[in-house]
Amino acid sequence: MSRVQHLIVGDDESDQRLDRWFKAHFPGLTHGQLEKLLRKGDIRVDKKRSKANDRLEAGQTVRVPPLADDVYKPVQARGPRAPQEEKLSDRDIADIRQMVLHMDDAVIVLNKPAGLPVQGGSGQNRHIDGLLEGLRFDYPEKPRLVHRLDKDTSGVLVLGRTRLAAKHLAEAFKRRTTRKIYWALLAGVPKPREGTISYNLAKIVTSNGEKVVVDREGQTAITDYSVVELAAQKACWVAFKPLTGRTHQLRVHAAALGTPIVGDGKYGGPEAFLDGIVSKKMHLHAREITISHPDGGDLTVTAPLDRHMAESWKLFGFQENDYEDPFLDMEL
């Protein structure tokens, strides 16, 4: 059994999740054991209680309680029925590589399809995080996630190819210097047709799980929006530019205008579905991102529409290639 240790987070460990830091330093410590120690407050970062998904910063001090000697060793498989490390299939590798929109020495940008979660959760066995090994190529490190998209939102998803690149990209998101444009199909037409939505948002727990609601005491949430084209007053193509990055921000803001995103039953209810006209899938797409590149300058990447949205655009006669960014004049 070891004694209490106070370990310093190294420069090359910055922005690493706490659970992954423990996995690297104490490979024999199970996730369940780690969670128990965190709940009890035995593990602390700079003397504060922490969670498994907290991200570390270089120079922080991690308090490590007394641990059994075997946590320093990788878990060894025992017996013929011991689980083997799951490898990606050829199909998995082909699927994740088909999503690549941009790749250089520091950054990979994917076009995430709707319906595929970014990370695993309850009942989610297939997700982007679990497929990232297929994008390692000849690199010693596999790419890292630096932000998230909802499971049912398609579009641009940025990855860092190294730890330092991921740190740079994650900081760009935290500083809100990243410019993001989303496209959506709304049920109805908002009034006015362009403007800024500023409704504070808060998470609540309901009988159906967590939900985000408009709440004066919640976190500031601001979204610029502009109607691009109408579909006979029944629906419209809207461009969103979120100025903050709250959970489900665009979905809640759209519903608060009385024009929910088509397919978003969670926030729009029955009014969010154009039954018999278009797909029931959610029509929200991360169209474009401009972000500070780790090697200098800015990187801009655009993602073509997911199949179900492309079909809806064709049905309504919307021309994807005729789009002119409505927010450029606001930024001058």
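Procedures and definitions
- Residues numbered from 1 in each chain as written.
- Predicted model: local features only at pLDDT ≥ 70, side-chain atom pairs only at ≥ 80, totals over all residues.
- Heavy atoms only, no water.
- Helix = DSSP H or I, 4+ residues; strand = E, 2+ residues; numbered from the N terminus.
- Buried < 20%, exposed > 50% of the residue type's maximum accessible area, 1.4 Å probe, protein only.
- Contact = heavy atoms within 4.5 Å.
- Arc of directions from axis to C-beta.
- Pairing = 2+ DSSP bridges.
- Phe/Tyr/Trp six-rings, centres within 6.5 Å; stacked < 30°, edge-to-face > 60°.
- pLDDT = per-residue confidence, 0-100.
- Core = buried A, V, L, I, M, F, W, Y, C linked by side-chain atoms within 4.5 Å.
- Salt bridge = Lys/Arg side-chain N within 4 Å of Asp/Glu carboxyl O.
- Polar contact = N/O pair within 3.5 Å; in protein donor to acceptor, adjacent residues only side chain to side chain.

So what exactly am I meant to see when it comes to the overall build of the protein chain here?
Secondary structure summary: the protein chain contains nine helices and 16 strands in total. Principal-axis analysis of the C-alpha atoms places the extent of the protein chain at approximately 70 × 45 × 45 Å. Here the protein chain, with 332 residues, has 45% of them falling under the buried criterion. Intrachain contacts of the protein chain at a sequence separation of at least 6 include 65% that bridge at least 24 residues.

Whenever I open this one, helix α1 (residues 18–25) confuses me. Can you help?
A turn of α-helix holds 3.6 residues, and therefore any two residues three or four places apart point the same way. Among all positions in α1, only L18, D19, W21 and F22 are buried. For α1, the arc enclosing every buried residue in end-on projection is 160 degrees, short of the 170-degree limit, so these residues lie on one face. Looking at the buried residues of α1, the elements they touch are β1 (5–8), α2 (31–40), β2 (44–45) and β4 (61–64).

Looking at this structure, how should I read helix α8 (residues 307–316)?
Within α8, burial applies to H308, M309, S312 and W313. Seen along its axis, α8 keeps its buried residues to an arc of 140 degrees; they face one direction. The exposed residues of α8 that point more than 90 degrees off its buried face are R307, E311 and K314. If you follow the buried residues of α8, they end up packed against β8 (154–160), β9 (179–187), β14 (235–242) and β15 (284–292). In the segment just after α8, G317 is the residue with positive phi, at about 80 degrees.

How should I be thinking about the sheet that holds β1 in this particular structure?
Across the sheet, which stays open at both edges, the four strands sit in the order β1-β4-β2-β3 with antiparallel pairing between neighbours. Because the sheet does not close on itself, it has two edges, and the strands there are β1 and β3 (48–49). As paired elements, β1 and β4 share four bridges and run antiparallel to each other. Counterpart to L7 in the pairing with β4 is V62.

Would you explain unusual backbone geometry in this entry?
Across the chain, the bulk of peptide bonds are trans and the bulk of non-glycine residues have phi less than zero. Residues K191 and P192 are joined by a peptide bond in cis, for which omega reads -5 degrees. Its location among the elements puts P192 in the loop between β9 and β10 (194–198). Backbone geometry places R176, a non-glycine residue, at a positive phi of 60 degrees. Along the chain, R176 falls in the loop between α5 (163–174) and β9. Look at A232: it is not a glycine, yet its phi comes out positive at around 55 degrees. Topologically, A232 is positioned in the loop between β13 (222–231) and β14.

I tried to follow the side chain of S226 on my own but got confused; where do I start?
Among the structural elements, S226 can be located in strand β13. For S226, the residues in contact, after removing those within four places along its chain, are R193, E194, W237, V238, A239, P326 and F327.

Just checking my understanding: could you explain the packing of aromatic side chains for this structure?
Aromatic rings considered in pairs are described by the distance between their centres and by the relative angle of their planes. Within this structure, the stated rule accounts for eleven aromatic pairs. Between W237 and F318, the ring centres sit 5.6 Å apart and the planes meet at 40 degrees, which makes this aromatic pair tilted. Taken together, the positions of W237 in strand β14 and F318 in the loop between α8 and α9 (328–331) put the pair 81 residues apart, joining distant regions of the chain. Judged by its relative accessible area of 4%, F318 is buried. Put simply, the rings of W183, W237, W313, F316, F318 and Y323 touch in pairs and so form one group of aromatic residues.

Explain the pairing of β4 here, please?
Every second residue of β4 is oriented toward a common face, the buried set being V62 and V64 and the non-buried set T61 and R63. Where β2 and β4 come together, two bridges link them in antiparallel fashion. Paired with V45 across the strands is V62, a residue of β4.

Before we go on, may I ask you to explain the confidence of the model for the protein chain in this structure?
Low pLDDT marks stretches whose predicted atomic positions should not be read closely. The predicted model of the protein chain has a mean per-residue pLDDT of 90, with 92% of residues at 70 or higher. Note that pLDDT drops below 50 for residues 75–85; the model gives that stretch three contacts with residues more than four away or on any other chain.

What is the right way to read the nonpolar core from this model?
Across soluble globular proteins, nonpolar side chains have a tendency to be buried as a group. Of all hydrophobic cores here, the largest spans 47 residues; its most connected members are L110, I128, L186 and F240. Among the elements that take part in this core, α5 stands out by supplying six residues, more than any other. Apart from residues lying up to four places away in sequence, L110 is in contact with I96, M99, V100, L101, I128, L135, G155, V156, L157 and L159. Residues I181, L185, A187 and L305 belong to the second largest nonpolar core, which totals 17 residues.

Is there a simple way to explain the pattern of salt bridges in this structure?
Should their charged atoms come close, side chains of opposite charge can pair. This model, assessed by the stated rule, comprises 14 salt bridges. Of the charged contacts, one joins E133 and R136 as a salt bridge, the two residues approaching to 2.6 Å between their closest N and O atoms. Of the residues examined, E133 reaches a relative accessible area of 38% and is grouped as partly exposed. Within this structure, R91, D92, D95 and R126 form a network of salt bridges that share partners.

Could you clarify how one ought to interpret the side chain of T244 in this entry?
Along the chain, T244 falls in the loop between β14 and α6 (249–256). Of note is the side chain of T244, whose polar atom sits 2.7 Å from the side chain of Q249. Among all residues touching T244, those that are not within four sequence positions of it are R176, T220, A221, I222 and Q249.

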